[in-house]
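# Architecture and fold: a report
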Protein chains: 2
Amino acid sequence: MAFFVPVAAAAWQAENGAMAANDHLYLWLALGTGVIGLVAALLFARGVLSSDAGTPEMQRISNAIREGAEAFMKRQYSTIAMIAIALAIVLFIGYRLSSFTAPYANKVVVSFLIGAACSALSGQTGMWVSIRANIRTAAAARTSMGQALKIALHGGAVTGLVVVALSLIGVGTLFLLFGGFSNPQQVPYQLVGFGFGASLVALFAQLGGGIYTKAADVGADLVGKVEAGIPEDDPRNPAVIADLVGDNVGDCAGRGADIFESTAAENVGAMILGAALYPVFGLRGILFPLIVQAINLIASIVGVSVVHSREDEDPMHALNKGYYVTSLLALVGFAVAIYFMLGARWWLLGSGICGIVTSFLFVRITEYYTETRFKPVQSIAQASTTGPATNIIQGLAVGMETPALPVIVISAALLLSYYFGTRGLADVTTINSYAKGIYGTAIATMGMLSSAAYILAMDTFGPITDNAGGIIEMSDQPHSVRVKTDKLDAAGNTTKALTKGYAIGSASLAAFLLFSAYLATVHDIVHQRVTAAGGVLPEGWTFSNVNLASVPVFVGALLGAMLTYLFSSMAIRAVGRAAQTVIQDVHEQFRNNPGIMQGTSLPDYGRCVRIVTGAALKEMVLPGVLAVAMPLCVGLIFRHFGGEFYPGALHNWPMINGVPVNLSGAEAVAALLMVGTISGILLAMLMNNGGGAWDNAKKLIETGAHGGKRSEAHKAAVVGDTVGDPFKDTAGPSLHVLIKLLATVTLVLAPLFL
Amino acid sequence: MAFFVPVAAAAWQAENGAMAANDHLYLWLALGTGVIGLVAALLFARGVLSSDAGTPEMQRISNAIREGAEAFMKRQYSTIAMIAIALAIVLFIGYRLSSFTAPYANKVVVSFLIGAACSALSGQTGMWVSIRANIRTAAAARTSMGQALKIALHGGAVTGLVVVALSLIGVGTLFLLFGGFSNPQQVPYQLVGFGFGASLVALFAQLGGGIYTKAADVGADLVGKVEAGIPEDDPRNPAVIADLVGDNVGDCAGRGADIFESTAAENVGAMILGAALYPVFGLRGILFPLIVQAINLIASIVGVSVVHSREDEDPMHALNKGYYVTSLLALVGFAVAIYFMLGARWWLLGSGICGIVTSFLFVRITEYYTETRFKPVQSIAQASTTGPATNIIQGLAVGMETPALPVIVISAALLLSYYFGTRGLADVTTINSYAKGIYGTAIATMGMLSSAAYILAMDTFGPITDNAGGIIEMSDQPHSVRVKTDKLDAAGNTTKALTKGYAIGSASLAAFLLFSAYLATVHDIVHQRVTAAGGVLPEGWTFSNVNLASVPVFVGALLGAMLTYLFSSMAIRAVGRAAQTVIQDVHEQFRNNPGIMQGTSLPDYGRCVRIVTGAALKEMVLPGVLAVAMPLCVGLIFRHFGGEFYPGALHNWPMINGVPVNLSGAEAVAALLMVGTISGILLAMLMNNGGGAWDNAKKLIETGAHGGKRSEAHKAAVVGDTVGDPFKDTAGPSLHVLIKLLATVTLVLAPLFL
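Quantities reported herein were computed from a predicted structural model and do not represent experimental measurements.

Here is what the cut-offs are and how they apply
- Residues numbered from 1 in each chain as written.
- Chains lettered and ligands numbered in written order.
- Predicted model: local features only at pLDDT ≥ 70, side-chain atom pairs only at ≥ 80, totals over all residues.
- Heavy atoms only, no water.
- Helix = DSSP H or I, 4+ residues; strand = E, 2+ residues; numbered from the N terminus.
- Rg over C-alpha atoms; globule rule 2.2 N^0.38 Å.
- Buried < 20%, exposed > 50% of the residue type's maximum accessible area, 1.4 Å probe, protein only.
- Contact = heavy atoms within 4.5 Å.
- Areas by Shrake-Rupley, 256 points an atom, 1.4 Å probe, with all protein chains shown as cover.
- Lys, Arg positive; Asp, Glu negative; His and termini not counted.
- Charge placed at Lys NZ, Arg CZ, Asp CG, Glu CD.
- Expected span 1.5 Å × (residues − 1).
- Bend = angle between axes of the 7 residues up to and from the residue.
- Salt bridge = Lys/Arg side-chain N within 4 Å of Asp/Glu carboxyl O.
- Buried area = accessible area lost by both parts, 1.4 Å probe.
- Polar contact = N/O pair within 3.5 Å; in protein donor to acceptor, adjacent residues only side chain to side chain.
- Nonpolar A, V, L, I, M, F, W, Y, C, P; charged D, E, K, R; others polar.
- pLDDT = per-residue confidence, 0-100.
- Axes fitted to C-alpha atoms, helices over the stretch in contact; angles between N-to-C directions.
- Parallel < 35°, antiparallel > 145°, perpendicular 65-115°, else oblique.
- Least-squares fit on C-alpha atoms with pLDDT ≥ 70 in both.
- Core = buried A, V, L, I, M, F, W, Y, C linked by side-chain atoms within 4.5 Å.
- Phe/Tyr/Trp six-rings, centres within 6.5 Å; stacked < 30°, edge-to-face > 60°.
- Lys NZ or Arg CZ within 6 Å of the ring centre and 35° of its normal.
- Patch = residues over 30% accessible without salt bridge, like charges linked within 9 Å, V, L, I, M, F, W, Y side chains within 5 Å.

## Quick word on the overall build of chain A
A count of helical and extended segments in chain A gives 22 helices and two strands. Radius of gyration (C-alpha) of chain A: 26 Å, near the 27 Å computed for a compact globule of 754 residues. Overall, the C-alpha framework of chain A stretches about 85 × 50 × 45 Å when taken along its three principal axes. The buried share among the 754 residues of chain A stands at 70%. Long-range pairs, those at least 24 residues apart, make up 84% of the contacts in chain A with a sequence separation of at least 6. Surface summary for chain A: the accessible area is close to 22,200 Å², and the carbon and sulfur share equals 63%. Here chain A carries 44 positive and 46 negative side-chain charges, and the mean point of each set is 3 Å from the other.

Now the structure itself:
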């Protein structure tokens, strides 16, 4: 897909020759900072590993978790690797079929595989540290909560830094290898495979992990708490280790892959849009997103380092302080980068601020809907007093209300950052105002993601503290220690909920960016084909019309929205089926070994882990394949049969030898992507926030409201919490990833739809 | 909005002068058939009223229901009338503000008020008969089930026929009064007010009725069945009459208004598209939709008349037979109409068949997802054995799966009917292929609605038999009678579920039709303004690009999807709040009058009815206002501030004095309409089918599966059923109406967005 405009590029080169050489430095700077990020991650990891690793009893439990998690990850990544290789072959063949795309087949496949590998590597590394940080957090909690918080956050920081650094180094290195310095406008298009590889791994990691974690959780709860009447995390429950493993593979590995995908897709998408601005900024506009990621790394390292907590302080205060420091540093870095790279166009800083403010507001809105001190959760707790039905109805009503404010925020952010983009580039005459505005929205996305590493550290903090609490519980530590880990665990639950808000916010903004990149890609493919056939594009023609009034586009839109529902349905059912296998196994273990319940013999934790591993991996395949296959099918079908459906006269239409170019496939896929994204965002918010609110309504009652534990209201609230679990931990987060996968898969497959 | 193309019209008139006079006959034929429909309704009503009206005890109960329903309707329509008058004033002022729209202010307001009045009248008439048919059905059930079925169906037929006939007569008369014979291309645009009036009344009727029925139902169940442990429809429950009233005002009046809106909106929309085909078909193309409605009336009268049921037969067999007869007659009528009016273009019959087949498939898919003999309902019943949480999870998973097949059916129907449209008009050179295809989809919509009167009769059959069952139960009739009414009630539940599938199917198809009408309207407004300013439209320009890549359009799309979620959340919460008032009142009555539970004194049914009436009417205002206000605000905001956001160069753009016409408002509203429709269709399917499946899963268990009544599984299934109630009877059906309201409100307000 080499579609650059050689004339403009040459003109720019001639004018700015001296500057261009300097600009290479920016790439080296970004790559260097990526390495610094990895080194910092290494130092944090060493700090964590050198801490006290607790009693042998605690180690026994921690080792069981570690082994389970590692066994799952190994099998999961083997499955994903097979799917990725199969897709790589399909991609290669698909690209080889047409003479237009054949020259890019190798590059696309290589970048796809490297993207997939980097994503897998960052997931693995994060996991590796997290399952070692949990026991050290638990051990530290015996003496100091401040120290425990530090270990947990530093463990999380390893994930955050590795994810962002690997994404930066991966994209930067590919840009270099594919000859970005000599063909700067062409190479960004060749990096789309990287984003697709990352998305594919992320989808399966999130789906598999999400199914695993909730199947184990629901299964363990149903047989343990409900049937056998033993408390959570009781060592007599054969599924308890599987449950703790789930926290790692679902929350930690899944979210890591999710954010990796966000930063990778955003980098590539923003570089493509930067290529469109080549006449204005040259190489700097293309490298700007990488520099922003470098700033993100530095700001997050500082942010993590400043977090210190006094013993009696709410852990959230300390974590929030780090977040504010990171955001502030990122903002300063942003301003400096705009000064040096984008010619001090301060309106563009306004776009960046839009992004930063959006991420703040998303986090705050999520807080409002999911925390016990606000009305929504309280209304669910209140509704629990009249039974499970009213609890569910109220929870769903709250969930359906949650998209309203975020949609208004996103709308305002898009409109404002677009406007700032047009103002910031008002003096430029070589590009149209649409490209200017869209670059503004891209900068807003970069702003939003400029604290991603810290956010991810906070997020991974959640499963680490959750596990630490489990280890403390299972190893019979004194009550005073449990109080500390409970506090940390509560903070971890909050950070998990908030970062989900952040993830969906960044997915929404990034979606628009990637959609624009898709349009740019299609435009350039059409340009190349028409030019190759000796024709010229009609004056003023852009592939920026995705016309909802055209039947294929409307059908694509319908199918895109439907995909999000079907996908969610499949994910939720998968949890149910996988949970059944857990329940069966636990029943069997109880029956065959009565000593388990008497506490005289240990259950076979490993068997349960193996069973849920197998079930989760089996279940993740179908929804995952659906997500990839549907855009492909829609694009190919309308490519072949869509010619009948052109709206209106084919006025001003690109022609090859007098025959209009059939754009139906590309248009239908664009609508599928866009409306699928809108529907997916709303559904994900419904499920994430509804699930979070149910969870905390239960917790609110457990603190004594409406009769406290063991009251009828509590029973009703437990029902809501159980319903919310697959919502907020499987289907919701998988939808984030689906949205981004749709964006990257359409980018990569675009040439096949034309 | 007088935007016809005088040249083409004059040419056509000159060529076809002799034929044109003949064509007037079609309007008289349609109006005459409308009158026949009303006469038939009168005859059916007389037949029902002349039947035995049962024992005094039964009449006492029936009178209480009647009084409650009439009191509700009276207060509801007073509230709606005030809102309608307020809106009429706003409309009038809005239209008077600009010199372009001022000439049409009177016509729009008059047609708006007539549409609202016809809708209210048809709702009232249907109700009037239904609340008299229920007691006569109950009385007949004491001797003959066949006779009872007939009375219930004939009672329902009154609603069906009145709704379709009034819609036909209303649109036809306005066409005549506004001078349709002399300005045939201009007048259809002036009828949009009629559709808007109908939608507005429908929205509030459905919302108010839906909130009432479920608030009374949930309230009565929670205090009666759950707290006091008395059976359903027990006369000791003070809310029992309110519950029975609810069946009438929610299901019966609500669905009547819904289908009235469908046929009205479809008539007007199809006439607008017919106006675009004036060069081909002349007046006939414009009057064709009215003739199809006339066919609908005749076919449905015959269909209702042939229904006879043997005593031991499943009532559904007899009802289905009538449906098949109606569909077949409608098909034949369709063919005849195409032969005489559309020049025997048989491809267009293909489009009509697409619509008829779509309605069949929608009904069958709904059946699959909501009936006990199929897997989805069985899986929910199975999941109930592990408690309410798994019941809810499975129900939601089923609900989320339900849109998949209908979306594929709608997609295929749109593509095929579009294709048939282009084939059927292939020889016509004066209009572009898009207009041909869109006319094909319009014919599919007409096909789908060509059995609407019969469907509506079947639908209203539901609440009549439901009420009859309640009357039998409350008046202590022998068990053998209860068995008969139970059978009828079961058939009524099925027809209610199936017609909901039909309603959403027709809403989806009609949405595309109305969207096309909106685009045609905007195009003509722009044409008029540019021409008035002395300019000319660029060659080939059509307002058929609603560009998802443009930020205002994307924001409009996001807001449209969000609206459906927020609206649903509000509707569901409204039920909860209104139910609370019922519960409080019943508690109070039990406390103040202990004789009620001992059966020694009667509760104050009327007080409960009054309380829930007040609560439901208060609750319906906010979501209703939101639905009207949101498109208005989006259109006005982007009209004023949208100029910054044009994508690309303004190539080929309509200009007035060198300034590009600002289309952002019209485009953003188009996206709001379209994506709001997509999101609304999917959400409505989730809620309707999920709710229906939960309901029948409970019934399946009650027939003995998984332990039968009073088992733990049954308790869990009751939770699911209660959650499903506000889904399937309040939020879901209100979403149907919302979708069509969005379409008509945008049509009417279009001139204000430019």
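## Overview of helix α3 (residues 105-141) of chain B
Spacing of three or four residues puts side chains on the same side of an α-helix, whose turn is 3.6 residues. Residues and elements named next belong to chain B. Taking 1.5 Å as the rise per residue, α3 with 37 residues should run 54 Å; its terminal C-alpha atoms sit 53 Å apart, in good agreement. The largest bend along α3 reaches roughly 25° and is located at A133. The element α3 is extensively covered by neighbouring structure, given that 27 of its 37 residues are classed as buried.

## Section: the pattern of salt bridges
In the structure shown here, the tally under the stated rule is 52 salt bridges over all chains. In this structure, A:R236 engages A:D234 in a salt bridge whose closest nitrogen and oxygen atoms are separated by 3.0 Å. Between B:E401 and A:R573 there is a salt bridge, with the nearest N and O atoms lying 2.9 Å from each other. Pair noted here: B:E401 is in helix α13 (residues 388-401) and A:R573 is in helix α18 (residues 551-592), and the two residues belong to different chains. Through salt bridges with shared partners, one network takes in A:K214, A:D217, A:K500, A:D695, A:K699, A:D725, A:K728 and A:D729.

## What to know about the interface of chain A and chain B
In this complex, chain A contributes 76 residues to the contact, which on the side of chain B involves 76 residues. Regarding the contact of chain A and chain B, the summed buried area is about 7,000 Å², with carbon and sulfur atoms giving 77% of it. Counting across the chain A and chain B interface gives five residue pairs in polar contact (both at pLDDT 80 or more). Of all the secondary-structure elements, those providing two or more residues to the side of chain A that touches chain B are α13 (388-401), α14 (404-424), α15 (433-448), α17 (479-532), α18, α21 (664-702) and α22 (712-749) of chain A. Broken down by element, the residue count for the side of chain A that touches chain B peaks at 15 residues, all from α18(A). Of the residues contributing to the side of chain A that touches chain B, the split by class is 54 nonpolar, 18 polar and four charged.

## Here's the deal with the confidence of the model for chain A
Residue and element names in this part refer to chain A. Counting all residues, the mean pLDDT for chain A is 87, and 95% of those residues have values of 70 or more. Within chain A, no element has a lower average pLDDT than helix α1 (residues 6-49), which sits at 77, and none a higher one than helix α9 (residues 283-305), at 94. For the stretch residues 1-14, pLDDT sits under 50, and the model shows 34 contacts to residues farther than four places along the chain or on other chains. Interface predicted TM-score (ipTM) for the complex: 0.90; the corresponding pTM is 0.91.

## Points about the packing of α14(A) against helix α18 (residues 551-592) of chain B
One can describe the packing of α14(A) onto α18(B) by two numbers: an axis separation of 9 Å at closest approach and a directional angle of 175°. With respect to their mutual orientation, α14(A) and α18(B) come out roughly antiparallel. Residue-level inspection shows A:A404, A:V407, A:I408, A:I410, A:S411, A:L414, A:L415 and A:Y418 of α14(A) in contact with α18(B), the latter providing B:V551, B:P552, B:F554, B:V555, B:L558, B:L559, B:M562 and B:L566. In terms of residue class, the contact of α14(A) with α18(B) is made up of 15 nonpolar, one polar and no charged.

## Quick notes on unusual backbone geometry
Residue and element names in this part refer to chain B. For D476, which is not a glycine, the phi torsion comes out positive at approximately 60°. Relative to the helices and strands, D476 resides in the loop between α16 (452-474) and α17 (479-532). Looking at D476, the relative accessible area reads 72%, which means it is exposed.

## Things to note about the side chain of B:T677
Looking at the secondary structure, you find B:T677 in helix α21 (residues 664-702). Discounting residues that sit within four places of it in the chain, B:T677 has contacts with B:A511, B:L672 and B:I739.

## Here's the deal with α13(B)
With 14 residues, α13(B) should cover 20 Å at 1.5 Å per step; its first-to-last C-alpha distance of 20 Å lies within 8% of that length. Judged by how many residues are buried, α13(B) sits mostly within the fold: 13 of 14 residues are covered.

## Focus: the relation of the copies chain A and chain B
Least-squares fitting of chain A to chain B yields an RMSD of 0.0 Å, with the transformation described by 0.0 Å of translation along the axis and a rotation of 180°. A rotation of that kind, with that shift, is consistent with a two-fold axis. Scanning chain A for the C-alpha nearest the rotation axis identifies A:N547, at a separation of 2.6 Å. A share of 100% of the interface residues of chain A reappears at the interface of chain B, consistent with the copies meeting face to face through the same patch.

## Digging into the environment of B:G34
Residue and element names in this part refer to chain B. Within the secondary structure, G34 is located in helix α1 (residues 6-49). Between the C-alpha atoms of G34 and G172, which are 138 residues apart in sequence, the distance is 9.4 Å. Not counting the four nearest positions on each side in its chain, G34 is found in contact with A165, L168, I169 and L297.

## Quick word on the nonpolar core
Ranked by internal contacts, the top residues of the largest apolar core, which has 578 residues, are A:Y212, A:F288, A:Y518, B:Y212, B:F288 and B:Y518. With sequence-adjacent residues up to four places away left out, B:F288 is seen in contact with B:F334, B:A337, B:I338, B:M341, B:L342, B:Y439, B:I443 and B:M446.

## Things to note about the packing of aromatic side chains
Residues and elements named next belong to chain A. Scanning all chains against the criterion turns up 39 aromatic pairs over all chains. Aromatic side chains Y324 and F360 sit 5.9 Å apart centroid to centroid with 5° between the ring planes, which places their arrangement in the stacked category. Of this pair, Y324 sits in helix α10 (residues 315-341) while F360 is found in helix α11 (residues 346-370), placing the two residues 36 residues apart along the sequence. The exposure class assigned to F360 is partly exposed, which follows from its relative accessible area of 23%. Across from the ring centre of F178, 5.4 Å away, lies the NZ or CZ of K107, which sits over that ring.

## Remarks on the packing of α11(A) against α14(A)
Residues and elements named next belong to chain A. Where α11 meets α14, the closest approach of the two axes is 8 Å, and the angle between their N-to-C directions is 175°. Taken together, the axes of α11 and α14 lie roughly antiparallel to each other. Facing W347, L348, G350, S351, C354, T358, L361, F362, I365 and Y369 of α11, the residues of α14 in contact are L405, P406, V409, I410, A413, L416, S417, F420, G421, R423 and G424. Class assignment for the residues of the contact of α11 with α14 results in 14 nonpolar, six polar and one charged.

## Considering a nonpolar patch on the surface
Residues and elements named next belong to chain A. On the surface, a cluster of nonpolar side chains totalling about 580 Å² of accessible area is made up of I85, I89, F92, I93, L97 and L113. In terms of residue count, helix α2 (residues 56-97) provides more of the nonpolar patch than any other element does, five residues in total. Its location among the elements puts I85 in helix α2.

## Notes on the environment of A:G123
All names here are of chain A. One can find G123 in helix α3 (residues 105-141). Once the C-alpha coordinates of G123 and V201 are considered, the two residues, 78 residues apart in sequence, prove to be 9.5 Å apart. Setting aside chain neighbours within four positions, we find G123 in contact with M73 and Y77.

## Here's the deal with the environment of B:A412
When you line up the elements, B:A412 lands in helix α14 (residues 404-424). Taking the C-alpha atoms as reference points, B:A412 and B:C354, 58 residues apart in sequence, are found 8.8 Å from one another.

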